[in-house]
Amino acid sequence: MALNKTTYIKTELDWAEQQLSSWKEYVDANPLHLLKDRIEWKPTAKGGMLPMVIASIEAQGKFVQETMKNYLALLEQVDKLREKEEAKKIETRGGQELGSMAEDFLKGRQK
């Protein structure tokens, strides 16, 4: 049982770290001072073309700032989870990891 929970937490940490790197790449690729209005041409009813603002500079800037806030919040949670996982590890001789049954046994004795 403990092995499954540990594996689950490691999987969640891996996923969170991938999200963090993805968000960081996005923010790095879209610096605020280089943002421009995204404009596309929309056909009109009479066959002409009309420029339409798809995403304004302000909307893009707000999204980048929200992404940075989410990045920092997730980074804080990942760091807490890492610390929590490190604190749970039991040191053994030779640097071996305990199996799930041994961990359950030790946790039962410590209570």
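The following refers to the structure shown. (Residues numbered from 1 in each chain as written. Predicted model: local features only at pLDDT ≥ 70, side-chain atom pairs only at ≥ 80, totals over all residues. Heavy atoms only, no water.)

Here we come to the pairing of strand E1 (residues 38-43). Sheet topology note: the E1/strand E2 (residues 49-55) ladder contains 6 bridges and is antiparallel. Looking across to E2, one finds that Glu40 is bridged to Met52. In sequence, E1 turns back onto E2 through a hairpin of 5 residues, with Gly47 there showing a positive phi of about 95°. (Pairing = 2+ DSSP bridges. Helix = DSSP H or I, 4+ residues; strand = E, 2+ residues; numbered from the N terminus.)

Right, let's get into the packing of aromatic side chains. Counting across every chain of the model gives 1 aromatic pair. Measuring from ring centre to ring centre gives 5.7 Å for Tyr26 and Phe63, while their planes differ by 85°; the resulting arrangement is edge-to-face. You can see Tyr26 sitting in helix H1 (residues 2-29) and its partner Phe63 sitting in helix H2 (residues 57-88), a full 37 residues away along the chain. Phe63 gets classed as partly exposed once you look at its relative accessible area, which sits at 47%. (Phe/Tyr/Trp six-rings, centres within 6.5 Å; stacked < 30°, edge-to-face > 60°. Buried < 20%, exposed > 50% of the residue type's maximum accessible area, 1.4 Å probe, protein only.)

Moving on, we come to the pattern of salt bridges. Applying the stated criterion across every chain yields a total of 4 salt bridges. For Lys80, the salt bridge is made with Glu76, and the minimal N-O distance between the two is 3.5 Å. Of this pair, Lys80 and Glu76 both sit in helix H2, 4 residues apart, which is roughly one turn of the helix. A relative accessible area of 46% places Lys80 in the partly exposed class. When its relative accessible area of 44% is taken as the criterion, Glu76 is described as partly exposed. (Salt bridge = Lys/Arg side-chain N within 4 Å of Asp/Glu carboxyl O.)

Within the secondary structure layout, Ile57 lies in helix H2. According to the relative accessible area criterion, Ile57 is partly exposed, its value standing at 36%. Taking C-alpha positions, Ile57 is 5.9 Å from Leu35, a pair spaced 22 residues apart along the chain. Residue contacts for Ile57: discarding those within four places in its chain leaves Leu35, Lys36 and Asp37. (Contact = heavy atoms within 4.5 Å.)

Looking now at H2. Over its 32 residues, H2 runs 46 Å from end to end, which matches the ideal 46 Å to within 8%, given 1.5 Å per residue. Every buried residue of H2 is accounted for by Gln60, Gly61, Val64, Thr67, Leu74, Val78 and Glu85. (Expected span 1.5 Å × (residues − 1).)

Judged by side-chain polarity, Leu50, Met52 and Ile54 come together as a nonpolar surface patch covering roughly 270 Å² of accessible area. Along the chain, Met52 falls in strand E2. Residue class for Met52 comes out partly exposed when judged on its relative accessible area of 36%. (Patch = residues over 30% accessible without salt bridge, like charges linked within 9 Å, V, L, I, M, F, W, Y side chains within 5 Å. Areas by Shrake-Rupley, 256 points an atom, 1.4 Å probe, with all protein chains shown as cover.)

Everything listed here is a matter of coordinates, which is why it stays silent on function.
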